[in-house]
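# Reading the structure
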Amino acid sequence: MTGQAGLRYVYAVCRPFEAALQSQLTGVAGAPPGLLRHHGLVAVVSTVPEGDFAEAPLRDHLADRDWLAATARAHQGVVDALTTVTTPLPLRPGTVFRDDSGVRTMMEACEADFRYALDRLDGMVEWGVTLYAGPDSPETDPARAGEFARTLHERLSRRAEDFRLHPPQDAAPAGVQERNLLDVAYLVARAHCEEFVELVDRTKGEVPGIRVELSGPWAAYSFYSFTGDLALHERPDPPDLLARPGSGTATGSGPRS
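Each value, and the rule that gives it
Residues numbered from 1 in each chain as written. Predicted model: local features only at pLDDT ≥ 70, side-chain atom pairs only at ≥ 80, totals over all residues. Heavy atoms only, no water. Phe/Tyr/Trp six-rings, centres within 6.5 Å; stacked < 30°, edge-to-face > 60°. Helix = DSSP H or I, 4+ residues; strand = E, 2+ residues; numbered from the N terminus. Buried < 20%, exposed > 50% of the residue type's maximum accessible area, 1.4 Å probe, protein only. Core = buried A, V, L, I, M, F, W, Y, C linked by side-chain atoms within 4.5 Å. Contact = heavy atoms within 4.5 Å. Pairing = 2+ DSSP bridges.

Another aspect to go through is the packing of aromatic side chains. Tallying each qualifying case throughout the model produces 4 aromatic pairs. With a centroid separation of 5.4 Å and an interplanar angle of 45°, the aromatic rings of Phe53 and Trp67 are classed as tilted. With a gap of 14 residues between them, Phe53 in helix α1 (residues 50–53) and Trp67 in helix α3 (residues 65–83) connect regions that are remote in the sequence. Note on Trp67: relative accessible area 17%, which makes it buried.

As C-alpha cells, then:
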C-alpha cells in the first residue's frame, strides 16, 4: 500500500490467508482494506485522511458521537469480515501510523507477542452470553436467579477454552426494566461452536422471567489486547469507540475446567 497519501489505519494483525475478503468491503473513511505483509505476518490496513486522523482532529472528533459510532462500525465490519476467513488480532480503533514503514516497525517490535497470541487463539472465536431478570416475575427472586446464572456459567465454561467475566451492566435496553445477572465472553473452538450455541439455546425459557442473550461469533476481543506504544499518537478512549461487541470491560478470567 505504498505510494498513497494519508495515514495508515490498522484494523488487525493475522497470519497470511488464502481466502479473499468481500469484494465490496470498505473500512474506516470508506477506504477498502488491504494487506501489508511483514515477517510472515499480515497487517490489515487502509488509508485514512490526516484531516480526520491526525492527533488534533482526532481529538476534536471525540465530541462527535455520530462520527465515533460510524468509525467503530467500519472498524468492526473489517474485523468481522476477517473473522470469517482467519484468526485476527484486533487492534484498538483509531490506531494509525504515518506510513507503511511505521506499521512494519510496529509489527517487528511486537512480533513475539503477535505470534504467541495467534498460536493461543488459532481456530477460536468469542461468544458473548448475557442474562437479564425481569422485575416482576416471582420466578426471578434473587436466590433462584443467581443460582441459574452460576449453573449456566459453569456449564458453558466447561465447553469453552477460556472466559472473561464482565461487570453487570447498569443500563438495561431502552424501555425495559431488567437487571443484568451475568455478562461473560467465552473463547470457543470453531469446531465446538454448534454445540455451544445449542447449549445456550436450550437454556432460553428454562426459567420464566430470565432472558438469555447470545452474541457472536466475534474475533477474540476479550482475550487479546494490543499494548504496543508505537502508534502515531494515543488512541481515543470513549466507550463508543473501544467497547467490545456487547458491552462491559474484562475484569477476570478462568481457564477451561
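Counting 25 residues, the largest nonpolar core has Val10, Val103, Met106 and Phe114 as its most contacted members. Those elements that provide at least two residues to this core are β1 (7–14), β3 (41–48), α4 (100–109), α5 (111–121) and β8 (179–189). No other element matches the 4 residues that α5 contributes to this core. Once residues within four sequence positions are removed from consideration, Val103 is found in contact with Arg8, Val10, Leu36, Ala43, Val45 and Phe97. Ala133, Leu152, Phe196 and Leu199 belong to the second largest nonpolar core, which has 24 residues in total.

Time to look at the pairing of β1. Counted residue by residue, β1 has 8 buried out of 8 residues, so it is predominantly covered. Across 7 bridges, the pairing between β1 and β3 is antiparallel. If you follow Leu7 over to β3, its bridge partner there is Val48. Here β1 pairs with strand β5 (residues 96–97) via 2 bridges, running antiparallel. Looking across to β5, one finds that Arg8 is bridged to Phe97.

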